[in-house]
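Here is how the chains run, residue by residue.
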Amino acid sequence: MSVQEQSSEEPGGASGRASGGVSAEGPATAGAHPRSLAEDLRARDDSSLSALLRARPDLITPVPTDLSQLATRAGTRASVIRALERLDRFALQTAEALAVAPDLAPYGTLLELLAGDACDPVVTEMLPRAVAALREQALVWGSDTRLRLVRTARELLAPSPQHPSPTGLGPTVAEATAGMSPGRIQELLAAAGLATTHDAVSAVESLTGLFTDRARMSALLDQAPPESLEVLSRLVWGPPYGQVTADPAARLRWLLDRGLLLPTAPGTVVLPREVALHLRAGRAHQKTEPLPPPVEPTAVHRPQVVDSTAAGQAYTALATVEELLKDWDEGGPSVLRAGGLSVRDLKRTAVALDLPEPVAAFWVELAYAAGLLASDGAAEERYAATPAYDEWLDLPAAERWTRLATAWLSATRTAGVIGGRDTKERTLSALGPGLDRSAAPEVRHRVLSLLAALPEGGSASPDSLVTRLHWERALRGAASSDDLRARLTGWTLTEAESLGITGRGALSAHGRALLGAAPGAPAPEPATGPGDKLPVHHRHHHLPAPLAPPASRSPAELASAAARAGRLLTPLLPEALDHVLLQADLTAVAPGPLERPLAEVLNVLADVESKGGATVYRFTPGSVRRALDAGRSASDLQAFLTAHSRTPVPQPLSYLIDDVARRHGHLRIGAASAYVRCDDDALLNEIIADKRSQGLRLRRLAPTVLAAQSDPATLLEGLRAMGFAPAAESAEGDVLITRAHAHRTPPRTAPEPVPDGPPSPDTTLLSAAIRAIRAGDLASTTPRKPSATSSTTTAPEQNGTLPRTSSAETLATMQAAVLTGGTLWIGYVNAEGSASQRVIAPVRVEGGFVTAYDHTADEVRTYPLHRVTGVAELADEQA
């Protein structure tokens, strides 16, 4: 009969930093053995507590009252899962090894599980850092002789039939034989060549001793048939469970008789953990990964080429955003009822920008993230530029780029998911809800940071970056094509190239500055692999987060980095030109970007025919009439072209302007319903005789006036379609000047990124929180003097209650403390009914209030005496 392997799920792991308890040079010296995590935290200094709260910001929301509450919160399931998700793969493997090790495992046992019998030198060198990372995040506590994984983490990582461990290990002999009859256990001893015992407990201990004794275990396996060893080899790396029939084959029977396979349920057997560890040469994992996979450059370009390529992309990015918002200047597409752009409007926008739809969606989302685009909030809601867009246009080009780049770095809205489906199978649309991915800013920053660690001009393959990110956040990075972090990595590389942060796949100088890295800083030399002999301080460059992510940098630091990036980009951007080249075929060539006033006039006077390094404009009767409608005269246009052309104004262009201007306004249209007025009655006769005017329903009112049933706008467009050049006039008979109406939304703020958990606390908050926790812990742990009704000193660990004294006793004790300068422990209930305990030094008692220095809040406060539940003197003056 064969053993059939069962599938198992493999969680991954995430990143940690070295600190607290174990140094990078080796295990910490064994000290006193704390009895609980709270005691372990109590022994830490402020810097260690600060590191814990910074690594696990959920523990500080709200601030715990004391260290016991902090320890309790650090052991909750949600908090532990969040902490495990942020461990790197080796730190997670260390936690997984502790989960299969005996409780209170010494450091040497943990080392054996990870380094194996061969005692891998790289694992030996890097293990102290991993243990330190687990200690820093309060996932492991205790001295090196008694390492303990917090109970919740052990429950999550320990192997069970419902949740197999990534180690592939099964239960211990004691766990697997828990329901076995004593007689059957004695039979296993006899078959294994061991002496029988008096009871099942000693029998299990004897069998466990055999399986953990390398010499005796090897001798036992030497007697095994080759077919039995082949069965063990199939189960050794997991999953450890297999199926057997009611009448197992001889090769299985040999293993079952000696306890090398143990039954767990009818038809199911398991390989005991001790047997698997012997077959694995002591290793808990098939592949231990103490070092992150290196990110090697796939190509190295000259830095100047990278910077110039990136600068060209940056200029294109600015032009694309301007063109997008100019297209929506008089009001963009309507907002869907569920929010966002319709598929049709996105296609129309993509055609206008001459871009694929996914790329157009990225630029729309980027403008929205930068606060340049929003919905107008009107009854018939539609999208339009915001007032911030006009301010953005007035900025220098480099500063406009930094606004876009910084918005992209911190945005959680992810354009790559547009077109996909949400959890309710609804299509995700551009500018619509459901596009936030909280991991996006972290992935973007890590990808660019890894590129920054390469030699200048070096680019990396997406696969190597994905592999590295999976090592850094293993629980979040399941190696599959559908992995969000893998897709975010690909989108980051594409979007950074489009935005001009990278050029030819390599990080540019202004991109480095934007991240906060020193431009031109030498990249660290990568390690050659697990077998290299580099010292620890050379290997530490592989650890996560070499640069501070945007969320952890202050606004001043972000502004400084953006300004530095802008200064580096400025000389690389093309200078705006004040001239064009007019040609005889009624076109003008702009050999580069034009100054804004020139570009604005030229966009009205001519139509853009082609874009690229040089923009080609074409003059047509319609475009010239558009300029005349905007209030320009023929002489103005001639003077404008003469002033801004490096070539003489061609005669065909002059004739075109004069001809359109001569006919422009010859006909006048106003509102009756509408009328046409012209001094040339022959021209009016020609209009009436034209069959194309029948739809306008014209009739003559006077020799120089025609009336129409159509409105003035329809009449204006109808006559222009017939080839005439009419001009609209006001009720006073003046020519109406038509200018583009810029539709703007009311003031809008950019969308706030959705954070990936609680925000990282700043230094000020950490300092205040640690002071409050220390003071609260002092209030809860300092021994009290026995009260009149108690004969023993009471500590909160013993009763957990607030002190209770009468009003008279409370007042007398307070007054005595003012005279003696003593420190008191009080119970206090605030106006909301929340009870707390505090350590105070009373300064003054009067009018039903006590003014005291509050050690818990580290400030002088005044408390109403009627809200004090009771008071007790401290047994010593430790406050």
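The preceding data block contains the structure.
All values derive from a computational prediction rather than experimental measurement.

Draft legend 1. How the structure looks around the overall build of the chain. Tallying secondary structure elements over the chain gives 35 helices and 25 strands in all. Here the chain holds 879 residues, and 48% of them are scored as buried. In the chain, of all internal contacts separated by at least 6 residues, the share reaching a separation of at least 24 is 68%. Total accessible area on the chain stands at roughly 40,400 Å², and carbon and sulfur atoms take up 54% of it.

Draft legend 2. Representation of the pairing of strand β15 (residues 615-618) in the model. Pairing geometry for strand β13 (residues 587-590) and β15, over four bridges, is antiparallel. By the bridge assignment, alanine 590 is partnered in β15 with threonine 615. Taken together, the three bridges between strand β14 (residues 607-610) and β15 define a ladder with antiparallel strand orientation. Residue pairing for β15: serine 610 is matched across the bridge by valine 616.

Draft legend 3. Representation of unusual backbone geometry within the structure. Proline 62 follows threonine 61 through a cis peptide bond whose omega is -5°. Among the structural elements, proline 62 can be located in the loop between α2 (46-55) and α3 (67-74). For the peptide bond that leads from glycine 238 to proline 239, omega is -5°, which places it in the cis range. By the secondary structure assignment, proline 239 is in the loop between α13 (226-235) and β3 (241-243). For leucine 586, which is not glycine, the phi dihedral falls at a positive 65°.

Draft legend 4. How the structure looks around the environment of serine 449. Relative to the assigned elements, serine 449 resides in helix α21 (residues 440-452). Spatially, the C-alpha atom of serine 449 lies 9.1 Å from that of leucine 507, the residues being 58 residues apart in sequence.

Draft legend 5. Inspection of the pattern of salt bridges at higher detail. Under the criterion given, the structure shown has 31 salt bridges. The salt bridge partner of glutamate 39 is arginine 35, with a shortest N-O separation of 2.5 Å. Looking at glutamate 39, the relative accessible area reads 22%, which means it is partly exposed. Its salt-bridge partner being arginine 774, residue aspartate 46 comes within 3.0 Å of it at the nearest N-O pair. Linking aspartate 46 in helix α2 with arginine 774 in helix α33 (residues 763-781), this pair joins segments that are 728 residues apart in sequence. According to the relative accessible area criterion, aspartate 46 is partly exposed, its value standing at 44%. For arginine 774, a relative accessible area of 24% puts it in the partly exposed group. Each of the salt bridges in this network shares a partner with another, and the network as a whole consists of Asp103, Arg148 and Arg154.

Draft legend 6. Seen up close, helix α12 (residues 214-222). Listed as buried for α12 are Met217, Leu220 and Leu221. All buried residues of α12 lie within an arc of 95° about the axis, which places them on one face of the element. Exposed residues pointing more than 90 degrees away from the buried face of α12 are listed as Ala215 and Asp222. Summarising the contacts, the buried residues of α12 are in contact with α11 (200-212), α13, α14 (250-257) and α15 (273-279). For α12, the capping residue at the N-terminal end is aspartate 213, with a side-chain oxygen 3.1 Å from the backbone nitrogen of alanine 215.

Draft legend 7. Fine view of the side chain of arginine 625. With respect to the secondary-structure elements, arginine 625 resides in helix α28 (residues 621-629). Although arginine 625 is buried, it forms no salt bridge, and the closest oppositely charged side chain is aspartate 629 at an N-O distance of 4.8 Å. Not counting residues within four places of it along the chain, the set of residues in contact with arginine 625 comprises Val660, His664, Arg720, Phe724 and Ala725.

Draft legend 8. Focus on the sheet that holds β3. Pairing is antiparallel across the open sheet formed by three strands, whose spatial order is β3-β5-β4. If you trace the sheet from one side to the other, it starts and ends with β3 and β4 (262-265), each paired once. Between one strand and the next, the sheet's axes are offset by a mean angle of 40°, whatever the strand orientation. In the sheet, β4 pairs with strand β5 (residues 268-270) via three bridges, with the strands oriented antiparallel. When the bridges of β5 are listed, alanine 265 appears paired with threonine 268.

Draft legend 9. Representation of the environment of threonine 349 in the model. For threonine 349, the location among the structural elements is in helix α17 (residues 343-353). Sequence separation of threonine 349 and tryptophan 328 is 21 residues, and the distance between their C-alpha atoms is 9.3 Å. Threonine 349 has contacts with Leu324, Trp328 and Val364, leaving out every residue within four places of it along the chain. At 2.9 Å, the side chain of threonine 349 forms a polar contact with the backbone oxygen of aspartate 345.

Draft legend 10. Local environment of the pairing of strand β21 (residues 824-829). Here β21 lies mainly inside the structure; five of its six residues are buried. Across six bridges, the pairing between β21 and strand β22 (residues 835-846) is antiparallel. By the bridge assignment, tryptophan 825 is partnered in β22 with valine 839. Linking two consecutive strands that pair antiparallel, namely β21 and β22, is a turn of five residues; a positive phi of about 85° is found at glycine 833 within it. Judged from the five bridges that link them, β21 and strand β25 (residues 868-873) form a sheet pairing that is antiparallel. Its bridge partner lying in β25, tyrosine 828 is registered against valine 868.

Draft legend 11. Expanded view of the packing of helix α27 (residues 596-605) against helix α29 (residues 634-644). Where α27 meets α29, the axes come as close as 12 Å, and the angle between the chain directions of the two elements is 130°. Relative to α29, α27 is oriented oblique. Crossing of α27 against α29: the hand is left-handed. Residues Leu598, Val601 and Leu605 of α27 lie in contact with α29, whose contacting residues are Leu637, Phe640, Leu641 and His644. Looking at the contact of α27 with α29, its residues break down into six nonpolar, one polar and no charged.

Draft legend 12. Just the packing of aromatic side chains, in detail. Per the stated rule, a full pass over the model turns up four aromatic pairs. Sitting over the ring of tryptophan 392, arginine 400 keeps its end group 5.5 Å from the ring centre. The ring of phenylalanine 640 has arginine 632 sitting right over it, with the charged end atom 5.9 Å from the ring centre.

Draft legend 13. Main features of the packing of helix α22 (residues 462-472) against helix α23 (residues 484-499). Packing of α22 against α23 leaves a shortest axis separation of 10 Å and a crossing angle of 135°. In terms of orientation, α22 lies oblique with respect to α23. Our pair here, α22 against α23, has a crossing hand that is right-handed. Note on element contacts: α23 touches α22 through Arg485, Ala486, Thr489 and Leu493, opposite Pro462, Leu465, Val466 and Leu469. Its residues assigned to classes, the contact of α22 with α23 comprises six nonpolar, one polar and one charged.

About the thresholds
Residues numbered from 1 in each chain as written. Predicted model: local features only at pLDDT ≥ 70, side-chain atom pairs only at ≥ 80, totals over all residues. Heavy atoms only, no water. Helix = DSSP H or I, 4+ residues; strand = E, 2+ residues; numbered from the N terminus. Buried < 20%, exposed > 50% of the residue type's maximum accessible area, 1.4 Å probe, protein only. Contact = heavy atoms within 4.5 Å. Areas by Shrake-Rupley, 256 points an atom, 1.4 Å probe, with all protein chains shown as cover. Pairing = 2+ DSSP bridges. Salt bridge = Lys/Arg side-chain N within 4 Å of Asp/Glu carboxyl O. Arc of directions from axis to C-beta. Polar contact = N/O pair within 3.5 Å; in protein donor to acceptor, adjacent residues only side chain to side chain. Lys, Arg positive; Asp, Glu negative; His and termini not counted. Axes fitted to C-alpha atoms, helices over the stretch in contact; angles between N-to-C directions. Parallel < 35°, antiparallel > 145°, perpendicular 65-115°, else oblique. Left-handed = near helix turned anticlockwise from the far one by under 90°. Nonpolar A, V, L, I, M, F, W, Y, C, P; charged D, E, K, R; others polar. Phe/Tyr/Trp six-rings, centres within 6.5 Å; stacked < 30°, edge-to-face > 60°. Lys NZ or Arg CZ within 6 Å of the ring centre and 35° of its normal.

Function cannot be read off these values alone, since they describe shape.
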